[in-house]
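Each chain, written out:
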Amino acid sequence: MTILNNDFLALTLANQDELAPFQFLFPSGTGFVEETGILRLEPNQESSISLVLSVGIHGNETGPMELLNKLVASILNGQLTLKVRLLVIIGNPVAANLAKRFCDVNLNRLFSGAWKNYEGFEAKRAKRLELAVSDFYSAVGSSAKQMRLHYDLHTAIRGSVHEKFAVCPFVENSIYSQTQLAFLAASGIQAILLSHQPTTTFSYYSYAVHRAYAFTVELGKVFPFGQNNLSRFADIEKSLALLMQTGVLAQSPLSDMHIFSVLNALVKDDESYELSIADDVKNFTQFEKGYVLAHSQKSEYHVEKTGDAIVFPNIKLPIGQRAGLIVRPVSLSDLALN
Ligand SMILES: O=C(O)CCC(=O)N[C@@H](CCC(=O)O)C(=O)O
Ligand SMILES: [Zn+2]
């Protein structure tokens, strides 16, 4: 069995609930479809790099799915010679077919075992995706020579002052990888958010459980299938292709990178919870000190310092979930890099 027309996305969407595993050969290696939306590509030659690329963790974020499908097709048809181990994940095909962010629960809140507290497609899927990542990384051991990478590609609900940005999961020692940040810069990422606490996102899971270099990468705004301008992903397409073909992480200077530390997560604490911003306010919009940015019958959030900004504002979610992040610019020179 093979993947018809080398179109892994079409195969996944046509089999949204399950797909029997199969194995096939491609010009530079062997492919294993492990389950719907889970494809492992092993290169013919040994590699010390294990790269996880996940897309569609939110079903309506179609741009990264189309981008990754294009890269996978190039590997399968031999245009791109694969030199690294690659695990491709299309996260939520059921929601993708419905053009929805999720069906029952936001999949990107269910990792690191949080799925145990929920039922439905996403809970089962988070468990399955954790297993796929664990098996993938553990297959080659964890010696210092092995490099584990995970880029979880998303698009944002709102427009953004910095169109492309990445969330760096919370790291205990506050030391960040210069090479990884320079790779993100070379991939067209304009801003980095340094998380302030552990979360139940996919990228945090790969960092915390598998010590991978892992990031949530936001590549622009959400559009439906067929309406994405893939040329806007040219930089990351090029750097991922280079990584796949050579094992080299492209590097660009960090001088233009905007760095933010996350100060607070706004949490919807009541049905009366509201954000005092217009629907078209962009990610990274800054506020004056004292501005009442969020309020409910239970709480108010006052901006602590002029210049603090909001990212991912969203109140269409259940009580207890994150309604936005408050971020503050930090200078590159204040960052500990290794
Ligand atoms: O635009 C939005 O509000 C959400 C875009 C998105 O899905 N972002 C991720 C970020 C995950 C992280 O913080 O690492 C999410 O909310 O799951
Ligand atoms: Zn997303």
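Residues numbered from 1 in each chain as written. Chains lettered and ligands numbered in written order. Predicted model: local features only at pLDDT ≥ 70, side-chain atom pairs only at ≥ 80, totals over all residues.

Participant: When you look at the nonpolar core in this model, what are you seeing that I'm missing?
Facilitator: A general feature of soluble globular proteins is that nonpolar side chains tend to end up buried together. By size, the foremost hydrophobic cluster in this structure holds 90 residues, and its most contacted members are L53, L86, V88, A166, I192 and L193. Composition of this core by domain shows at least three residues from each of domain 1 (4-246) and domain 2 (266-328). Once residues within four sequence positions are removed from consideration, I192 is found in contact with F165, A166, C168, L181, L184, M257 and I259. (Core = buried A, V, L, I, M, F, W, Y, C linked by C-beta atoms within 7 Å. Buried ≥ 20, exposed ≤ 12 C-beta atoms within 10 Å, placed from the backbone. Domains from an automatic or database assignment. Contact = placed C-beta atoms within 7 Å.)

Participant: Honestly, the UniProt feature "active site" (unreviewed entry) in the chain in this entry has me stumped. Any pointers?
Facilitator: Per the UniProt annotation, the sites labelled "active site" (unreviewed entry) are E218. Looking at the element boundaries, E218 is found in strand 10 (residues 213-221). Every residue in contact with E218, bar those within four places of it in the chain, is listed here: H154, T155, A156, K164, F165 and A166. (UniProt positions renumbered as here; feature names shortened; annotations may be inferred. Helix = DSSP H or I, 4+ residues; strand = E, 2+ residues; numbered from the N terminus.)

Participant: Would you take a moment to explain the UniProt feature "domain: Succinylglutamate desuccinylase/Aspartoacylase catalytic" (unreviewed entry) in the chain for this structure?
Facilitator: The feature "domain: Succinylglutamate desuccinylase/Aspartoacylase catalytic" (unreviewed entry), as annotated in UniProt, sits at residues 50-240 in this numbering. Segment residues 50-240 splits into 33% helix and 21% strand. End C-alpha atoms: 13 Å apart.

Participant: Just checking my understanding: could you explain helix 5 (residues 178-186) for this structure?
Facilitator: Residue pairs spaced three or four apart in an α-helix point in one direction, given the helix's 3.6 residues per turn. All of the buried residues along helix 5 are L181, F183, L184 and A185. In this structure, the buried residues of helix 5 make contact with strand 7 (165-168), strand 8 (175-176), strand 9 (191-194), strand 10 and helix 7 (234-246). At the exit of helix 5 stands G188, carrying a positive phi of roughly 90°.

Participant: Please explain the domain arrangement of the chain as it appears in this structure.
Facilitator: Assigned domains of the chain: these are domain 1 (4-246) and domain 2 (266-328). Within the side of domain 1 that touches domain 2, the residues separate by chemical class into 4 nonpolar, 3 polar and 2 charged. (Nonpolar A, V, L, I, M, F, W, Y, C, P; charged D, E, K, R; others polar.)

Participant: Just checking my understanding: could you explain helix 4 (residues 121-138) for this structure?
Facilitator: Between its first and last C-alpha, helix 4 extends 26 Å over 18 residues, near the 26 Å set by a 1.5 Å rise per residue. Looking at helix 4, one finds that the buried residues are E122, R125, A126, L129, E130, A132, V133, F136 and Y137. Buried residues of helix 4 fall within an arc of 160° about the axis and therefore sit on the same side. At its buried positions, helix 4 is contacted by strand 2 (29-35), strand 3 (38-43), strand 4 (49-55), strand 5 (85-90), strand 6 (147-156) and helix 6 (202-210). (Expected span 1.5 Å × (residues − 1). Arc of directions from axis to C-beta.)

Participant: I tried to follow the pairing of strand 11 (residues 258-267) on my own but got confused; where do I start?
Facilitator: The side chains of a regular strand alternate between the sheet's two faces. Two elements, strand 9 and strand 11, share 4 bridges in a ladder whose sense is parallel. Counterpart to I192 in the pairing with strand 11 is I259. Bridging between strand 11 and strand 17 (residues 322-330) involves 8 bridges; their strand directions are antiparallel. By the bridge assignment for strand 17, V267 is matched with R322. (Pairing = 2+ DSSP bridges.)

Participant: Could you clarify how one ought to interpret unusual backbone geometry in this entry?
Facilitator: For residues besides glycine, phi is generally negative; the peptide bonds are generally trans as well. With a phi angle near 55°, N5 is a residue other than glycine that sits in the positive phi range. Relative to the helices and strands, N5 resides in the segment before helix 1 (8-14). We classify N5 as exposed; it has 11 C-beta atoms within 10 Å. In the Ramachandran plot, F312 falls in the positive-phi region, its phi being about 60° despite a non-glycine side chain. In this fold, F312 is placed in the loop between strand 16 (309-311) and strand 17. With 19 C-beta atoms counted inside 10 Å, the residue F312 sits in the partly exposed group.

Participant: Would you mind showing me how to read the confidence of the model for the chain here?
Facilitator: In low-pLDDT regions, the fine details of the predicted coordinates are not to be read closely. Looking at the chain, pLDDT values average 97 and 100% of them are 70 or higher. Scoring the predicted complex yields pTM 0.98 and, for the interface, ipTM 0.98. (pLDDT = per-residue confidence, 0-100.)

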